[in-house]
Amino acid sequence: MYHFEENTALLRARLSKKRFTHSVNVAAEAKKLAVRYGEDEDKAYFAGLMHDVCKELPSEEQEELMLAGSFDISPEERDTPKLWHGIAGAFYLQFTLGISDSDVLNAVRYHTVGRAGMSRLEEIVYLADLVSEERDYNGVEEMRKLAYTDLNTAMLEGIRFSLQSTLGKGGFIPLSTLEAYNQYIYCEKKSKGRQKAKKNAQ
C-alpha cells in the first residue's frame, strides 16, 4: 500500500542529500517507536519517511499546495512560511499519492506544530523528527531516552523545545502548539498528583 521503494526513490529525487538522510532516519525512528508503543509499523515508517516531502519545494509551490487542501490553517501558520511544508505535504500525500488515512495525513500535517488530542501515531512521528539519528542538539540524548520511556513527558519536552526555539527567534506561536502544551502539562501535573497521593497513602 505504501510502496516504500517507490516513495524512497521519489524522495531521493525531490530532496537534498541531507534532507533525504533525515527523512530516512525519521522513518527508522518512527518504526522503532511504533514497535515500542504497539502502533502500526508500516504506517509509522511511511509517515516518518514522507513528513518532509514538500520541505524543499519553492515557497510559492508550498503555499499553493497548502491552500489547495481542506486542512485548517491558523493565521500564525499562514504567516510563517517555515510551517507550510507540513500542511502542503499532507495535501500532497492525499491528492498525489492517494493516501486517505487521516491518521497518516495528520501525522504529516502536525509534525512541526503539534496539537491537542494527537493520536499515538502523530506523537510518534513528532518525536521521531526530534530524536532521529542525525540530530545533535544539546539535550537530544535525554530526549531520546524520554521518547522510549515516557511518551507524555517526551511530548511535553518536545513542545517546550519547539516553543523555546520559536520564542528565541521571535516567531509566531500557532494556537495548536499552545493547546498541545496545555494538554501535556495538564497530564503531567495530574500524573504527579496521583503519584504524590499514592506515596502519602503508603
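Up top you'll find the structure we're talking about.
Owing to the predicted nature of the structure, the values given are computational and were not obtained by experimental measurement.

Draft legend 1. Main features of the nonpolar core. In this structure, Leu93, Val104 and Leu127 are the most contacted members of the largest nonpolar core, which totals 57 residues. The element best represented in this core is helix α8 (residues 120–131), accounting for eight residues. Apart from the residues within four sequence positions on either side, valine 104 is in contact with Tyr2, Lys43, Phe46, Ala47, Leu93, Ile99 and Leu121.

Draft legend 2. Focus on unusual backbone geometry. In this structure, histidine 3 is a non-glycine residue whose phi angle is positive, near 45 degrees. With respect to the element layout, histidine 3 can be found in the segment before α1 (4–14). A residue is classified by how much of its surface remains accessible, and histidine 3, at 48% relative accessible area, is partly exposed.

Draft legend 3. Highlighting the packing of α8 against helix α10 (residues 151–168). Packing of α8 against α10 leaves a shortest axis separation of 10 Å and a crossing angle of 55 degrees. As judged from the angle between their axes, α8 and α10 are oblique. Seen from above, α8 lies across α10 with left-handed handedness. Across the interface between the two elements, Arg120, Glu123, Tyr126, Leu127 and Leu130 of α8 pack against Leu151, Ala154, Met155, Gly158, Ile159, Phe161 and Ser162 of α10. The residue makeup of the contact of α8 with α10, split by class, is eight nonpolar, two polar and two charged.

Draft legend 4. The packing of α8 against helix α9 (residues 140–149), seen in detail. Where α8 meets α9, the axes come as close as 9 Å, and the angle between the chain directions of the two elements is 155 degrees. For the element pair α8 / α9, the angle class is roughly antiparallel. Once α8 is placed against α9, the crossing between them reads as left-handed. Across the interface between the two elements, Leu127, Leu130 and Val131 of α8 pack against Val140, Met143, Arg144 and Ala147 of α9. Within the contact of α8 with α9, the residues separate by chemical class into six nonpolar, no polar and one charged.

What counts as what
- Residues numbered from 1 in each chain as written.
- Predicted model: local features only at pLDDT ≥ 70, side-chain atom pairs only at ≥ 80, totals over all residues.
- Heavy atoms only, no water.
- Core = buried A, V, L, I, M, F, W, Y, C linked by side-chain atoms within 4.5 Å.
- Buried < 20%, exposed > 50% of the residue type's maximum accessible area, 1.4 Å probe, protein only.
- Helix = DSSP H or I, 4+ residues; strand = E, 2+ residues; numbered from the N terminus.
- Contact = heavy atoms within 4.5 Å.
- Axes fitted to C-alpha atoms, helices over the stretch in contact; angles between N-to-C directions.
- Parallel < 35°, antiparallel > 145°, perpendicular 65-115°, else oblique.
- Left-handed = near helix turned anticlockwise from the far one by under 90°.
- Nonpolar A, V, L, I, M, F, W, Y, C, P; charged D, E, K, R; others polar.

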